[in-house]
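A look at the structure
Now for the letters of each chain:
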Amino acid sequence: IRPMTEAEKDKIRMQNQLFSENGLRVLSFAYKESEENLDIHAEYGYTFLGLISMVDPPREESAAAVAASKRAGIRPVMITGDHKVTAVAIARRIGIYEEGDLALTGAELNAMSDSELEEQIAEISVYARVSPENKIRIVEAWQRRGNIVSMTGDGVNDAPALKKADIGVAMGITGTEVSKDAADMILSDDNFATIIKAVANGRNVYRNIKNAILFLLSGNTAGILAVLYTSLMGLPVPFTPVHLLFINLLTDSLPALAIGMEPADDDLLKEKPRNPREGILTRGFMITMITQGLLIAAASMTAYHIGLAVSSAMASTMAFATLTLSRLFHGFNCRGSESIFRLGLTSNRYSLYAFAAGVSLLALVIFIPGLHSVFSIAALPTTALGQIVGLSLLPTVLIQIMKIIRYK
């Protein structure tokens, strides 16, 4: 036992710094032999024993999850009660902290005004030794910049920030009941990587809804344009009410449901987050919808004119069959923004089932003579059937070619 000199203190500080820079949590141990009561007034005159470091390693999948979040346009930030140096070392190891980023302690954060914090917050990746009030300030600063903020936490002191964030995420295993009650989502496995999976699933649901809407609107646009064309040209109506009912029940249901079952892919996490204020019917969406509707309408009207050379009944039959079959083919176009060759024809089995069911029902109407009077169908010769198939497939071929060119 010897007196604690400045040289000894420097040695201890250096060792503490060394441990912390390696991402280790450090505890200091000391003892005192005394008959005094154990209270704050007796906390003096201790004999220093040493430092003990322990490792609390990040999960193996953390680095991959952080990298995936950055590719998805999500900015991960670490908020911890650890020492600043320890926090930076761990954050650097998993990819949150990069060269040029800043790290702040709670005391340094308190010394900053709201305007200063908002100005520098995009460069701050690590917050150490923070209080519950600090966490709320961080969330509010990001929100004032127009960002959607998600906050994760497991303790009672995280509850205010979890409530303040747009999406509060609590830990299901280690989380306190207070934090779970304040959160919007609870991770049953306490794994950050699960949040990234949830983001991918959410984006996939939104994408499938948007694609299903595109399918429905573009197909209905084709029908509207076809009827409008014949009306303006003074031609016989191409579709009877039973035709439209059959088209709506068949092509507006099965393929649309199949599009909603499209599985998620890795490219979803390469896209940047969408603007929450942006609606579905954007300028690009409307252009795509009208273009695809025009192609299908043009194919249907071409079939209509071919049949009109024989009779109005034949024209109506060929227009009906072409519109129905082309919309069934169009279900493959609306599975995604990429070509069917990149998506994979069999990656969504439900689209194949929907197409097979639709073609089968259409074949029953066309080939069973007993149904001709029910559906106002004329008997079709073999040449007409070939023309219907070719014209129905043409819009899909053109759309797929455009997708391939756009991708390249």
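Here is what the cut-offs are and how they apply
- Residues numbered from 1 in each chain as written.
- Predicted model: local features only at pLDDT ≥ 70, side-chain atom pairs only at ≥ 80, totals over all residues.
- Heavy atoms only, no water.
- Salt bridge = Lys/Arg side-chain N within 4 Å of Asp/Glu carboxyl O.
- Helix = DSSP H or I, 4+ residues; strand = E, 2+ residues; numbered from the N terminus.
- Buried < 20%, exposed > 50% of the residue type's maximum accessible area, 1.4 Å probe, protein only.
- Patch = residues over 30% accessible without salt bridge, like charges linked within 9 Å, V, L, I, M, F, W, Y side chains within 5 Å.
- Areas by Shrake-Rupley, 256 points an atom, 1.4 Å probe, with all protein chains shown as cover.
- Pairing = 2+ DSSP bridges.
- Axes fitted to C-alpha atoms, helices over the stretch in contact; angles between N-to-C directions.
- 1 Å grid on protein atoms, 1.4 Å probe; cavity = no way out; pocket = protein on both sides within 12 Å on 5 of 7 lines; lining within 4 Å.
- Points joined across faces, edges and corners; volume = space filled by probe spheres on them.
- Expected span 1.5 Å × (residues − 1).
- Bend = angle between axes of the 7 residues up to and from the residue.
- Contact = heavy atoms within 4.5 Å.
- Nonpolar A, V, L, I, M, F, W, Y, C, P; charged D, E, K, R; others polar.

1. Considering the pattern of salt bridges
Enumeration according to the criterion identifies 16 salt bridges in this entry. Here Glu-98 and Lys-70 are joined by a salt bridge, their closest N and O atoms 2.7 Å apart. Within this pair, whereas Glu-98 is found in the loop between helix H3 (84–94) and strand E4 (102–105), its partner Lys-70 is found in helix H2 (residues 62–71), the two being separated by 28 residues in sequence. On the basis of relative accessibility, which here comes to 43%, the residue Glu-98 falls in the partly exposed class.

2. Digging into a nonpolar patch on the surface
Nonpolar side chains collect at one region of the surface, where Ile-1, Leu-27, Phe-29, Tyr-31, Leu-49, Ile-52 and Met-54 lie side by side and expose about 730 Å² of accessible area between them. Counting only elements with at least two residues in the nonpolar patch, the list comes to strand E1 (24–31) and strand E2 (47–55). Following the sequence through the fold, Phe-29 ends up in strand E1. Looking at Phe-29, the relative accessible area reads 38%, which means it is partly exposed.

3. A look at the sheet that holds strand E8 (residues 185–187)
Taken together, three strands build an open sheet; the order of strands is E6-E7-E8 and the sheet is parallel. Only two strands of the sheet have a single partner each, and these edge strands are strand E6 (150–153) and E8. Between one strand axis and the next, the sheet turns through 25° on average, direction left out of account. Relative to strand E7 (residues 167–171), E6 runs parallel, the two sharing four bridges. Within E7, the position partnered with Gly-153 by the bridge is Ala-170.

4. Examining empty space enclosed by the protein
Enumeration over the complete set of coordinates arrives at one cavity of 30 Å³ or more. The computed volume of the largest cavity comes to approximately 60 Å³. Taken together, Pro-255, Ala-258, Ile-259, Leu-328, Gly-331, Phe-332, Ser-351, Ala-354 and Phe-355 form the lining of the largest cavity. Elements represented by at least two residues in the lining of the largest cavity include exactly helix H11 (254–259), helix H13 (312–333) and helix H15 (349–367).

5. Structural notes on helix H16 (residues 382–407)
Every α-helical turn comprises 3.6 residues, leaving residues that sit three or four positions apart pointing alike. With 26 residues, H16 should reach 38 Å at 1.5 Å per residue; the first-to-last C-alpha distance of 38 Å fits that figure. The sharpest bend along H16 comes to roughly 25°, located at Leu-394, with the proline Pro-395 sitting one to four residues further on. All of the buried residues along H16 are Ala-384, Ile-388, Leu-391, Ser-392, Pro-395, Thr-396, Ile-399, Gln-400 and Lys-403. Against the buried residues of H16 lie helix H12 (283–308), H13 and helix H14 (340–343).

6. Regarding the environment of Gly-202
Tracing the backbone through its elements, the reader meets Gly-202 in helix H9 (residues 192–233). Its relative accessible area of 40% is what places Gly-202 among the partly exposed residues.

7. Let's talk about the layout of surface pockets
Of the voids in this model, the second largest pocket is the one considered here, and its volume is about 390 Å³. Within the residue set of the lining of the second largest pocket, elements represented by two or more residues are helix H1 (6–21) and E2. Looking at the lining of the second largest pocket, the element that brings in the most residues is H1, giving four residues. When grouped by side-chain class, the residues that make up the lining of the second largest pocket number seven nonpolar, two polar and three charged.

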